[in-house]
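# Structure at a glance
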Amino acid sequence: VHRVRISKPFLLGKYPVTNREYQRFLEANSSIKPSEYWSNRQFNDPQQPVVGVSWDDAQAFCQWAGCRLPTEAEWEYACRAGSQKNYCFGDAESELEQYAWYVKNSGGKTQPVGQKKPNQWGLYDVHGNVWEWCQDCYGGYSEKSVTDPTGPEKGQFRVLRGGSWYYVNPSFLRSACRYYYTPGIRTYYSGFRCVWVEGSSP
């Protein structure tokens, strides 16, 4: 446990990036290939979060859209929405199904965004549905108080947050839970959402 201060305002996407939004990116960038899950009926509803995107793919989308990936600290700050409990709504795992898609209720696939309850700041699917790429390289936390941390300058892995439809253990959906992958990996349970900062054009 450590104290983090976010000093700069930012806007985090209300939902993870959907297939419909990613389709616009693909249409504008013919050199970018769709993921291997693009034609899979489990994952290709327009309102489902896009999956099968690597950290590098997410970066390319963000550059095209005039935004960026959230830092790990920004993601957790927004997910918590003021809560210091395990989840944005408290500690009761019995309430998790009201907010999250995970293996208990997902039906073995991602679900269209925005169907569960949002957190106190109006953000949907921060727990479950898809793991979300963050900007940071994965590394240890400082034990000291920090302001606007951005993670290690270099590293083999990138951070993901939020848990997914695929995971059984509710602890993987906690606000503080961290995961990591190499930036080139593509899975059917990871996606991303975007951050807009002052001066950008959403």
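This text gives an overview of the structure that appears in the document. Every chain's residues receive numbers from 1 upward, in the order its sequence appears when written. Reporting in this predicted model follows two pLDDT cut-offs: at least 70 for local features of residues, and 80 or more for side-chain atom pairs to be given and counted; totals over whole chains, interfaces and linings ignore these cut-offs and use all residues. Each side-chain value is derived from all of the structure's non-hydrogen atoms; neither hydrogens nor water enter the calculation.

Along the chain, the position of S190 falls in strand 7 (residues 190-191). Here the side chain of S190 touches T187 through a polar contact of 2.7 Å, side chain to side chain. Throughout, a residue-residue contact means that at least one pair of heavy atoms, one from each residue, lies within 4.5 Å. Leave out the neighbours within four places in its chain, and S190 touches V50, V51, G52, V53, V130, W131, W133 and L160. The secondary structure listing takes helices from DSSP runs of H or I that are at least 4 residues long and strands from runs of E that are at least 2 residues long, numbered from the N terminus. As used in this structure description, the phrase polar contact means that two N or O atoms lie within 3.5 Å; if the pair is within protein, one of them must be able to donate a hydrogen and the other to accept it, and residues adjacent in sequence are counted only when both atoms belong to side chains.

By this definition, two strands are paired if DSSP reports at least two bridges between them. Read from one edge to the other, the open sheet built from four strands follows the order 6-5-3-7, with strand pairing classed as mixed. Bordering the open sheet on either side are strand 6 (178-181) and strand 7, each of which pairs with just one other strand. Sheet topology places strand 3 (residues 131-137) next to strand 7; two bridges connect them, and they run parallel. Residue pairing across strands places W131 opposite S190, the latter belonging to strand 7. Note on method: axes are straight lines fitted to C-alpha atoms, helices fitted across the in-contact stretch only, with angles between N-to-C directions ranging 0 to 180 degrees. Against the sheet, helix 2 (residues 55-65) engages strand 3 and strand 5 (158-161), with an angle of about 85 degrees to strand 3.

Relative orientation and spacing of two packed helices are given, respectively, by the angle between their axes and the distance between those axes. Helix 2 packs onto helix 1 (residues 19-28) with a crossing angle of 80 degrees between their chain directions and a minimal axis gap of 11 Å. Compared by their axis directions, helix 1 and helix 2 come out roughly perpendicular. In this structure, helix 1 contributes E21, Y22, R24, F25 and A28 to the contact, and helix 2 contributes D57, A60, F61 and W64. Under the convention adopted here, Pro, Cys and the residues Ala, Val, Leu, Ile, Met, Phe, Trp and Tyr are nonpolar, Asp, Glu, Lys and Arg are charged, and Gly plus all remaining residues are polar. Within the contact of helix 1 with helix 2, the residues separate by chemical class into six nonpolar, no polar and three charged. In these notes the angle categories are as follows: under 35 degrees is roughly parallel, over 145 is roughly antiparallel, 65 to 115 is roughly perpendicular, and the rest is oblique.

Our next topic: helix 2. Note on exposure labels: buried denotes an accessible area under 20% of the residue type's maximum, exposed denotes more than 50%, and partly exposed covers the range between, all computed with a 1.4 Å probe on protein chains only. Buried within helix 2 are the following residues: W55, D57, A58, F61, C62 and A65. All buried residues of helix 2 lie within an arc of 155 degrees about the axis, which places them on one face of the element. Looking at the packing, one finds that the buried side of helix 2 touches helix 1, strand 3, strand 5 and strand 8 (195-196). Put simply, S54 is the residue that caps the front of helix 2, since its side-chain oxygen is 3.3 Å from the backbone nitrogen of D56. At the exit of helix 2 stands G66, carrying a positive phi of roughly 75 degrees. Starting at the helix axis, one direction is taken to each C-beta atom, and the arc is that of these directions.

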